[in-house]
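Okay, here's what each chain looks like letter by letter:
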There are 2 protein chains.
Amino acid sequence: MAYRVVPLTRLIEQFERLPGIGKKTAQRLALYVLDLPQHEAEAFADAILDAKKKIHKCAVCCNLTDEELCSICSNPARDKSVICVVAEPKDVIALERTHEFNATYHVLHGCISPMDGIGPEQLCVKELLSRINAGGVSEVIMATNPTVEGEATAMYLSRLIKPLGVKVTRLAYGIPVGGDLEYADEVTLKRALDGRSEL
Amino acid sequence: MAYRVVPLTRLIEQFERLPGIGKKTAQRLALYVLDLPQHEAEAFADAILDAKKKIHKCAVCCNLTDEELCSICSNPARDKSVICVVAEPKDVIALERTHEFNATYHVLHGCISPMDGIGPEQLCVKELLSRINAGGVSEVIMATNPTVEGEATAMYLSRLIKPLGVKVTRLAYGIPVGGDLEYADEVTLKRALDGRSEL
């Protein structure tokens, strides 16, 4: 008869389902949570339920928010004529970290991926189109990941949006700052050459 | 005004407190949990509360259990005359994985560490002594980690237990199986030489 504590095993299994968490890490996390004082463990469980209950999609940009509009869409200082289209909420967090972008976003919540059975209708595409149709939009920046799915999604959307008379742009490709030419792959280097600018 | 969703930030902070989880991983985990179906997120929160509520120390060996006695102490097939002393519940899980040990454990829930203000009275030492004083114990195996704190704890306990007329042993030191002599540190190699056995 092996040593097994059902509530502990159940907690380990829950941690094991999280992305990037293996068997050993899950066990360490579960034992850590078990070691927390009662009120801190409750705060953890409560944070999960609370986030799940309160957070939903922004009525305009489909980003995650706990209000009617997210803090970006409801900010009058933001330029509403430019929309930056991203795949996931975490991409908004990454772009906001630059402190350089002062317009709005649109979160698709995924990329087109026929292999996984994800088509445009599973994504927040019609919300984007109705924003553009409502007028006042001069540019849409495609900021999906430079992967096959991200590229396909950007191409698909640009074909839908261009006929509406709106400029569609794409993030620049090139060598990352601080990177090393030696380790850059050929496709990236070719794109960096193609996109060269005058000094 | 930065993009910030309070319930999401709170959940990210909760994940960030876990050992080995940094800012980026915490963000990824929080967004993953947010993406789970409602009942699965509830199952996660429930697993935390349930484990916290039901799991306590075994009345005999201080290991974690959801019953009066843990499944090892309540198993009649286990040899009750040998006690293997470990620092943490995870060490029991590690030793049980060998499928070679058929006696009982005693979990100290820490090691003596004056630097962190942890003395014998914070550990489950008196429970161990009362088990030995109750009689029927022939050997106590010290299986604390081979660190300064683990060694100090093993030394301290052996000085308490030996006068009671019980054999006290320590796990063998040496090169790990599958390891490489080239990368073994000097102390380990010296211990491996000292502990050599006849072929």
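Cut-offs and rules
Residues numbered from 1 in each chain as written. Chains lettered and ligands numbered in written order. Predicted model: local features only at pLDDT ≥ 70, side-chain atom pairs only at ≥ 80, totals over all residues. Heavy atoms only, no water. Helix = DSSP H or I, 4+ residues; strand = E, 2+ residues; numbered from the N terminus. Buried < 20%, exposed > 50% of the residue type's maximum accessible area, 1.4 Å probe, protein only. Contact = heavy atoms within 4.5 Å. Buried area = accessible area lost by both parts, 1.4 Å probe. Salt bridge = Lys/Arg side-chain N within 4 Å of Asp/Glu carboxyl O. Least-squares fit on C-alpha atoms with pLDDT ≥ 70 in both. Core = buried A, V, L, I, M, F, W, Y, C linked by side-chain atoms within 4.5 Å.

Caption draft 1: View of the environment of A:I141. Residue and element names in this part refer to chain A. The residue I141 is located in strand β5 (residues 139-142) in this model. The class for I141 is buried, based on a relative accessible area of 15%. C-alpha separation for the pair I141 and Y105, spaced 36 residues apart in sequence, amounts to 9.0 Å. Leaving out residues up to four positions away in the same chain, I141 has contacts with V82, I83, C84, V85, F101, T169 and L171.

Caption draft 2: Layout of the interface of chain B and chain A. Taken residue by residue, the interface counts 58 residues in chain B and 58 residues in chain A. Each partner contributes to the roughly 5400 Å² buried at the junction of chain B and chain A, and carbon and sulfur atoms together form 67% of this total. Applying the counting rule to chain B against chain A returns 6 salt bridges. Among the salt bridges present, the one from A:R10 reaches B:D46, with a minimum N-O distance of 3.5 Å.

Caption draft 3: A look at the relation of the copies chain B and chain A. The transform that puts chain B on chain A rotates by 180° and translates by 0.0 Å along the axis, for an RMSD of 0.0 Å. Seen this way, the second copy is the image of the first under a two-fold rotation axis. The rotation axis passes nearest to the C-alpha of B:A45 in chain B, at a distance of 2.2 Å. Mapped onto chain A, 100% of the interface residues of chain B again fall at the interface, so both copies present the same surface.

Caption draft 4: Quick peek at the nonpolar core. A:F15, A:I48, B:F15 and B:I48 are the most contacted members of the largest nonpolar core, which has 42 residues in total. Here A:F15 is in contact with A:I21, A:A26, A:L29, A:A30, A:V33, A:F44, B:F15, B:L18 and B:F44, once residues within four sequence places are set aside.

Caption draft 5: Just unusual backbone geometry, in detail. Its identity as a non-glycine residue notwithstanding, B:H99 has a phi of 55°, on the positive side. Tracing the backbone through its elements, the reader meets B:H99 in the loop between α4 (89-96) and β4 (103-107).

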